[in-house]
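Below are the chains, spelled out letter by letter.
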Amino acid sequence: MKVLVIGGDGFCGWPTALYLSDQGHDVIVADNLSRRTIDAELGIESLTPIRSMEERVAAWKEITGRTIGFVHLDVAEEYDRLLEIFRTDTPDAVVHFGEQRAAPYSMRSDTTKRYTVDNNVRGTHNVLAAIVEAGKDIALVHLGTMGVYGYGWSGSAPIPEGYLTVKVPTPDGDLEREILHPANPGSVYHLTKTLDQLLFAFYAANDQIRITDLHQGIVWGTQTDQTALDERLINRFDYDGDYGTVLNRFLMQAAIGHPLTVHGTGGQTRAFIHIRDTVRCIEIALTNPPAAGDKVMVFNQVTETYRVRDLAELISGLTGVEVANLPNPRREAAENELNVSRDRFVALGLNATTLSEGLLSECRDIAQKYRDRADTTKIIARSVWRKGMETSPDLVK
Ligand code: NAD
Ligand code: USQ
């Protein structure tokens, strides 16, 4: 299968491009390298020493003999070039990772809010419009987020995979209808993913595009079998207050002896998945697309759920590093339950990497190994959800 991986220089996109190439697919990466530009803007770097795209694809070729194409392309800004790729390269499928994905970055300022909406919504719409205009049967797999559902869902009923069956009362009795699960975004970033969902519903119905939306939980870990082959293939590891996600941040903090930065009571329950399972899920989604005319196929791409304070206690227990309860810079429920349906990937053969298996090796092989590259002034999350909310004083001595 020929696959265009948009956002293939990123944390999920690069290991996916390698995995798909390793499985024998013909892979082209399109990326505008904006994630690297934002690193420079924030004055941070991946904890791991990631190489340029040119060096990455050359190393992959040298090691495996396989070719991954690379196009420097902005899908939000360069519509005509995107359309030309669809027309001339005719991929069988597109995997769309190419969005601004940090909730804290999206809440930093009016500039980053506008950038996140412009980049994400325009990019997704350009991909859809270009598939239609190219007139080819190109299937789309998009990376959505568990955060589209929000965290107000409680009780024993699991969050379904995308759709909810509701009863609509009418004078003639109740009508049963299937609707998109109500959206409840917790940040401007998450809001863009809920807007993406409406774009997908429209284009699947109107143009019969075959679309799969993967509602992924928080990805942890760094390496896959392919990225671990050579240091030139290493994946990025974000640990800063904007882009670092909670579990990888705790692993890095433990490696340098920094108190674990729990926001509030740490009662937030979230869904997680290891990067090794992310790449497998993408291939499963690519090889099991919906038929033309079907509604958007939604998978919940998660393997486990954890409460933030339980993760902190687990890592503290393993490493002896203390837990710090900081004022929460976000507006979010202090405590929530989370029960997620994830039957589809399990039925299609996903065999999950669990926290207990992956945690120690991740700590040792990545967080410890590259600890000297850490900039401790970038650890505390300083982006606040509302003007006037206070972050904690810097914990770093
Ligand atoms: P990332 O920021 O590391 O990678 C995104 C890539 O997309 C970057 O390389 C960036 O340069 C590129 N990009 C952004 N805008 C672009 C544009 N207009 N044109 C071309 N390229 C563009 O993020 P990630 O962690 O790899 O996430 C990938 C996708 O998965 C995102 O859509 C994100 O919302 C989703 N996701 C990520 C996680 C996670 O925990 N990392 C969890 C759930 C969902
Ligand atoms: N948190 C802490 N301490 C930290 C960092 C985070 O307590 O040092 C808390 C946050 O307040 C939040 C939870 O941990 O309650 C998760 O935060 P996160 O930064 O790990 O994840 P989030 O902002 O939700 O975003 C990440 C990815 C995003 C993806 C999302 C999946 O950046 O691209 O969509 O995870 S999900 O959370 O399922 O929506």
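Residues numbered from 1 in each chain as written. Chains lettered and ligands numbered in written order. Predicted model: local features only at pLDDT ≥ 70, side-chain atom pairs only at ≥ 80, totals over all residues. Heavy atoms only, no water.

Novice: Quick question: what am I supposed to make of the packing of helix α8 (residues 246-256) against helix α12 (residues 355-368) here?
Specialist: Where α8 contacts α12, the two axes come as close as 9 Å, and the packing angle between them is 55 degrees. When the axis of α8 is compared with that of α12, the two are oblique. Considering how the two elements wind past one another, α8 and α12 form a crossing that is right-handed. When α8 is examined against α12, the residues L247, L251, M252 and A255 are found in contact with a partner set consisting of L355, L359, E362, C363, A367 and Q368. A class-by-class count of the residues in the contact of α8 with α12 yields 8 nonpolar, 1 polar and 1 charged. (Axes fitted to C-alpha atoms, helices over the stretch in contact; angles between N-to-C directions. Helix = DSSP H or I, 4+ residues; strand = E, 2+ residues; numbered from the N terminus. Parallel < 35°, antiparallel > 145°, perpendicular 65-115°, else oblique. Left-handed = near helix turned anticlockwise from the far one by under 90°. Contact = heavy atoms within 4.5 Å. Nonpolar A, V, L, I, M, F, W, Y, C, P; charged D, E, K, R; others polar.)

Novice: I'm lost on empty space enclosed by the protein in this one. Help?
Specialist: Taking a probe equal in size to a water molecule and rolling it over the atoms shows the remaining empty space. Within the structure shown, the criterion is met by 2 cavities of 30 Å³ or more. Taken as a whole, the largest cavity spans an internal volume of roughly 50 Å³. Forming the walls of the largest cavity are Y163, L180, Q197, F200, A201, D213, V296 and V298. For the lining of the largest cavity, the class distribution of residues is 6 nonpolar, 1 polar and 1 charged. (1 Å grid on protein atoms, 1.4 Å probe; cavity = no way out; pocket = protein on both sides within 12 Å on 5 of 7 lines; lining within 4 Å. Points joined across faces, edges and corners; volume = space filled by probe spheres on them.)

Novice: It is not clear to me how helix α9 (residues 275-287) should be interpreted in this structure. Could you clarify?
Specialist: Counting along an α-helix, one turn takes 3.6 residues, and residues three or four places apart therefore face a common direction. For α9, spanning 13 residues, the distance from its first C-alpha to its last is 19 Å, which sits close to the expected 18 Å at 1.5 Å a residue. Among the 13 residues that make up α9, 10 are buried, leaving the element largely enclosed by the rest of the structure. (Expected span 1.5 Å × (residues − 1). Buried < 20%, exposed > 50% of the residue type's maximum accessible area, 1.4 Å probe, protein only.)

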